[in-house]
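# Working through the structure, step by step
One-letter residues, chain by chain:
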Amino acid sequence: MSVRPGALLRLSCLVEEWFHPFYGLDSGFLTEDAEKNLLVALSQVLKRINQWKHEIISEEVLVEDSCFDTESLVAATPRSNFLAKIITNLVLLLEIKNQYAEHLIGNTLFAIFEFLLMTDDSWDDFLELMCYCVELMVGNCSGPLLEPVTSKVTASPCDLSNAKSLLKLKLNHASLSAAAVLFQVLHKVQKYLKKDSDETLAAYLDYVRNLVSSLPADIFKCAVDRHTESQQHSGVEAVYRTEMAGLGEATVFVGTFIQLLCSLVAESCFVRAGDGYSPFACKVIDLIPHLASWCLPKSQSCISFRVSYYFRHKLLLLMVKISSSHLEKTIIVTWIHLLHKNFEDLLYEPIYGVGLDADDHDGFLEGSPFCSSVFTSEKPITTSRHLQRLAVFVFLKCSLNLMSTSDELLPVKESVNQNSIINESLSVDHVVRSLGTEKLHEWFLAHAPADIFVKMEMYHEWCMQFSLCFLRLYIHEDDILFEVLLLLLCVPFHPCCQATDDESRLPLKHLVILLAFELFNPMTLFHLFLSEIFYDHQVLLDYLISKDTGPKCAEYLLRSLRIIFNSWKSFVEFPGVECHFRSSCKRRKVLVESNDLMRGEESPEKLIISAHEVNQNNGFTNKLNCQRNSSPPHIGVRRCLASLRRSIDSLNRKKLFPYNPKVLLQRLTRFEELCAQE
C-alpha cells in the first residue's frame, strides 16, 4: 500500500470544498432545500472518504489531483493545521443543530479517524485536537476551564499550538450539543480500537482520560444555568423556552458523556497507588454525586422518566465497576447517603416473593433498561428488577465494607472477631462502622415481617425463603451473579452468634451480623444455587469456560468448597428446599446424548435445545423436582460436582479448557473423597 504525501491535504480540501457554502447557516432559518443540500454534501464526503479507505485496503495508490502541487503545499503548511481546518469545518456545521446532519457529521469524523489510522498519518494528533475541542465547548458553557491537561503520548514532530489557537478562535461559540456529538465519536473510536492493537487503545485512553480529568465536576449544573442566564432580560415565556431547550441540550450532553464514561471505566483500573488514586479515578469519583442529581425526573412526562431511568442505570453500573476497587471510607459513606437519597425506592422494593410465582419471568428480559415494557403509555412502571439488583448489590457492598473497615479498608472476612462484636472503641472509625451497621439493620427490618423475632418457629423458614428469593433476583444476571455470591462469602460471622427467643437483648451489631449470616449463609446459598440450576454440571461448565464469568465462577467454587470442607457436617445436614418453592427455571443449553459425547462417540441424535422447550415438552421440570425432593440435597451436589470434575478433566486432557484448572480439579477430587467416606 502506498500513500502519497498529499493525502491529508486532499482530505482538507474535500471538506472545505463541499461544506463552505453552509457555514453561518442558522437552524431556525434552515430551508427545506438547504437542509437537503447539506445532507447530500455530507453523504458525498462520507462516501468519498470510505472510497479512499477501500483503496487503502485494496493496496491501491491514492490518486492525486493535478490542480495543485501537493508536495510544496504540504511542506509549507504544518500538518496539524490541516487537521484543525478539517475538525473546525465539521464542528461548525454542528451549530446548525439538525439531528440528521449531526448523525452524518459524527460518522464523517469517525471515518476520518479510520482513514488517518490506516495511513498512520497523524491519527494521534487528530484525537488530541478532538479532545481539545470538547474542552473548549465545555468552557464556553461553564466559564474558564482548568488548564487543559491533554498531553501527547506518542512522539511526533508536529507542534499543535497553532492548531489549537485556530480551534480556539473558530469555536468560541460552540455549544454542548456539538460536544455531545464528539463524545459519541470518541465512544465509537474506543469500540473500534478494542479490535486494534493495545498500543493504539492505550494512547486513546490516555487522551480521553486526560479530557475527563480536565472537566469541572459541576459542568452539568453550569450548562443549564448558562442557558437560563443568556435570556434573563427576555420575557417570562422566552426564558422558560430557553431553559427547556438548554435542559434538553444538557441532558443529551450528560447522556453521551456518561455513556463514554462507562466505557472508559470498563477499561480502567481504580486500584490506589502509593500516592492515592489517579487523576482520572478521582474525577470519576467526584462526578458520581453530580451525576446522581440527573437520576431524578425533571418533569412528570414519560420522556423525562425514561431519561431518568437511563441515568439511574448508567450511574449504578459506574458504581458497581468502581466498587470493585478498595474505596476510602469517606467515599463509601457518601455513596450510602447517595443510594438512600436517589435509590431508596429500589432498596426497599420487596425481595421476598421474587421467583416464587411460576409466571414471574421478570428476570429474563423485563428488567432490561431499554425494554419498552418498563413504561406504559400513560405513566412509568416504577418497579424494575434490573435496577433493584444493581442498587442492592452496591448497597450491600458499601455497608459490609463499612462494618469491616479499620484505619485502612480490609476485606470483611479479616476484620470480624468476637471482641469487635461486643467491644467498640468510641472513635471516628467506630462511627463509620456504626453507619454501615445502622443502614444494614434498617434494610433487614424493611424486608422482614414485623413479628419475625416473636414467632421463632417461623424465623428459619422465613430466612430460607428470603435467601431463595434473593438468589433468584440475580440468578439470570450472569454478569453480576458471581460478584454477588463472592461478596456474600465475606459476610462477617462468629460462632457465638446464635438465634434466641429474645433478639431485642442483643447488641445492634450482634443482631445485624446474626441476620446477615442467617440470610446469606454461604452453605445455604451454595445449596440453593445448585438447586436452581437443577444440579446440572453443564451449566457450571458453561460458566467456567465463559470469558466473562469463568474467573469469578472458578473463584466462587474454590472458596465455597473450602467452606464445605471446614463445615462438612453442616453441608450434609442441609435440610433442602421445600417442595412449595417453585423453580425459577434457569434457562440453559442442554446437550442431548451428552453421555455419548463424553465417551467420544458421535451420535446423529445430538441436538442443542433450550431447557425451556424441554420443560414444556418432556416434563423435565417435574422430573428434576422429584429428584431434588426424593433425595438429600448433598446427594445432588455430589453427583453434580462429580460430573463437573470429569468434564473439566476430559477437556483439560484434550487441551480444550481455556485456563489451567489444576487447583479446581484438586478441590473437586478432595470433595469426592469426603463424599466417599460418608
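Only a predicted model underlies this, so the values are computations on that prediction, with no experimental measurement involved. (Residues numbered from 1 in each chain as written. Predicted model: local features only at pLDDT ≥ 70, side-chain atom pairs only at ≥ 80, totals over all residues. Heavy atoms only, no water.)

Time to look at the overall build of the chain. When helices and strands are tallied, the chain shows 31 helices and two strands. For the chain, buried positions account for 53% of its 678 residues. In the chain, of all internal contacts separated by at least 6 residues, the share reaching a separation of at least 24 is 79%. Element-wise, carbon and sulfur atoms account for 52% of the exposed surface of the chain, whose accessible area totals about 32,000 Å². (Helix = DSSP H or I, 4+ residues; strand = E, 2+ residues; numbered from the N terminus. Buried < 20%, exposed > 50% of the residue type's maximum accessible area, 1.4 Å probe, protein only. Contact = heavy atoms within 4.5 Å. Areas by Shrake-Rupley, 256 points an atom, 1.4 Å probe, with all protein chains shown as cover.)

This part takes up the nonpolar core. Core analysis: the largest hydrophobic core is formed by 199 residues, its most contacted members being Tyr204, Leu396, Trp443, Phe470, Phe520 and Phe529. Among the elements that take part in this core, helix H6 (residues 123-142) stands out by supplying 13 residues, more than any other. (Core = buried A, V, L, I, M, F, W, Y, C linked by side-chain atoms within 4.5 Å.)

The next subject is the packing of aromatic side chains. If you walk through the whole model with that rule in mind, you get 25 aromatic pairs. The interplanar angle of 55° and the centroid separation of 6.5 Å between the aromatic rings of Phe466 and Phe520 together place this pair among those described as tilted. Here Phe466 is found in helix H20 (residues 456-474), whereas its partner Phe520 is found in the loop between helix H22 (508-519) and helix H23 (522-532), with 54 residues between them in sequence. By relative accessible area, which is 2% here, Phe520 ends up buried. Ring centres of Phe657 and Tyr659 lie 4.9 Å apart, and the angle between their planes is 70°; this geometry places the pair in the edge-to-face category. Judged by relative accessible area, which is 8%, Phe657 ranks as buried. Among the aromatic residues, ring-to-ring pairing joins Phe395, Trp443, Phe444, Trp462, Phe466, Phe470, Tyr474 and Phe520 into one connected group. Between Arg209 and the ring centre of Phe280, over which it is positioned, the NZ or CZ distance is 5.9 Å. (Phe/Tyr/Trp six-rings, centres within 6.5 Å; stacked < 30°, edge-to-face > 60°. Lys NZ or Arg CZ within 6 Å of the ring centre and 35° of its normal.)

A separate point is the pattern of salt bridges. In total, this model carries ten salt bridges according to the counting rule given. The partner of Lys53 in a salt bridge is Glu114, and the shortest N-O contact between them spans 2.6 Å. Separated by 61 residues along the polypeptide, Lys53 in helix H2 (residues 32-57) and Glu114 in helix H5 (residues 99-119) bring together distant segments of the chain. Glu114 gets classed as buried once you look at its relative accessible area, which sits at 11%. Of the charged contacts, one joins Asp649 and Arg653 as a salt bridge, the two residues approaching to 2.9 Å between their closest N and O atoms. With a gap of four residues between them, Asp649 and Arg653 both fall in helix H30 (residues 633-653), about one helical turn apart. A relative accessible area of 67% means that Arg653 is categorised as exposed. (Salt bridge = Lys/Arg side-chain N within 4 Å of Asp/Glu carboxyl O.)

A word on unusual backbone geometry. For Lys97, which is not glycine, the phi torsion reads 60° and is therefore positive. Among the structural elements, Lys97 can be located in the loop between helix H4 (79-94) and H5.

So, on to the packing of helix H14 (residues 329-342) against helix H17 (residues 385-404). For any two helices packed against each other, the geometry is given by the interaxial angle and the distance between the axes. It is the contact of H14 with H17, at a shortest axis distance of 10 Å, that shows an interaxial angle of 140°. The angle between H14 and H17 places the two elements in the oblique class. When you trace H14 past H17, the crossing you get is left-handed. Contact residues: Lys329, Ile332, Val333, Trp335, Ile336, Leu339 and His340 in H14; Val394, Phe395, Cys398, Ser399, Asn401 and Leu402 in H17. Partitioning the contact of H14 with H17 into residue classes produces nine nonpolar, three polar and one charged. (Axes fitted to C-alpha atoms, helices over the stretch in contact; angles between N-to-C directions. Parallel < 35°, antiparallel > 145°, perpendicular 65-115°, else oblique. Left-handed = near helix turned anticlockwise from the far one by under 90°. Nonpolar A, V, L, I, M, F, W, Y, C, P; charged D, E, K, R; others polar.)

Moving on to the side chain of Lys397. Its place among the elements puts Lys397 in helix H17. For the buried Lys397, no salt bridge is present, and the opposite-charge side chain at shortest range is Glu483, 4.7 Å distant. Excluding its chain neighbours within four sequence positions, the residues that come into contact with Lys397 are Ser323, Ser324 and Leu487. (Lys, Arg positive; Asp, Glu negative; His and termini not counted.)

This brings us to the confidence of the model for the chain. Considering every residue of the chain, the mean pLDDT works out to 76; 66% of them sit at 70 or more. In the model, residues 151-157 has pLDDT below 50 throughout and makes 16 contacts with residues more than four positions away in sequence or in other chains. Confidence drops under pLDDT 50 across residues 406-426; counting only partners more than four residues distant or on other chains, this segment forms 40 contacts. (pLDDT = per-residue confidence, 0-100.)

What follows covers the environment of Glu344. Structurally, Glu344 can be placed in helix H15 (residues 344-347). Remark: the alpha-carbon pair of Glu344 and Gln388, spanning 44 residues in sequence, is separated by 9.7 Å.

Its 21 residues place the ends of H5 31 Å apart at the C-alpha level, agreeing with the 30 Å of an ideal helix rising 1.5 Å per residue. The element H5 is extensively covered by neighbouring structure, given that 16 of its 21 residues are classed as buried. Two or three places before Tyr100, at the opening of H5, Asn98 has a side-chain oxygen 3.0 Å from that residue's backbone nitrogen. Of the residues flanking the end of H5, it is Asp120, one or two places downstream, whose phi is positive at about 55°. (Expected span 1.5 Å × (residues − 1). Polar contact = N/O pair within 3.5 Å; in protein donor to acceptor, adjacent residues only side chain to side chain.)

Tracing the sequence through the fold places Ile564 in helix H25 (residues 550-566). Separated by 42 residues in the primary sequence, Ile564 and Pro522 place their C-alpha atoms 9.2 Å from one another. Sequence-distant contacts of Ile564, defined by excluding residues within four places in its chain, comprise Met523, Phe526, Phe571 and Phe671.

This brings us to the packing of helix H12 (residues 279-292) against H14. At a closest axis distance of 11 Å, the pairing of H12 and H14 adopts a crossing angle of 15°. With respect to H14, the element H12 is oriented roughly parallel. As H12 runs across H14, the sense of the crossing is left-handed. Side by side, H12 and H14 meet where Ile285, Ile288, Pro289 and Ala292 of the first sit next to Ile331, Thr334, Trp335, Leu338 and Asn342 of the second. In terms of residue class, the contact of H12 with H14 is built from seven nonpolar, two polar and no charged.

Structurally, the position occupied by Thr119 is in helix H5. There is a polar contact of 3.1 Å between the side chain of Thr119 and the backbone oxygen of Leu116.

Let us now look at the environment of Asn521. Position of Asn521 among the secondary structure elements: in the loop between H22 and H23. Separated by 58 residues in the primary sequence, Asn521 and Cys463 place their C-alpha atoms 9.6 Å from one another.

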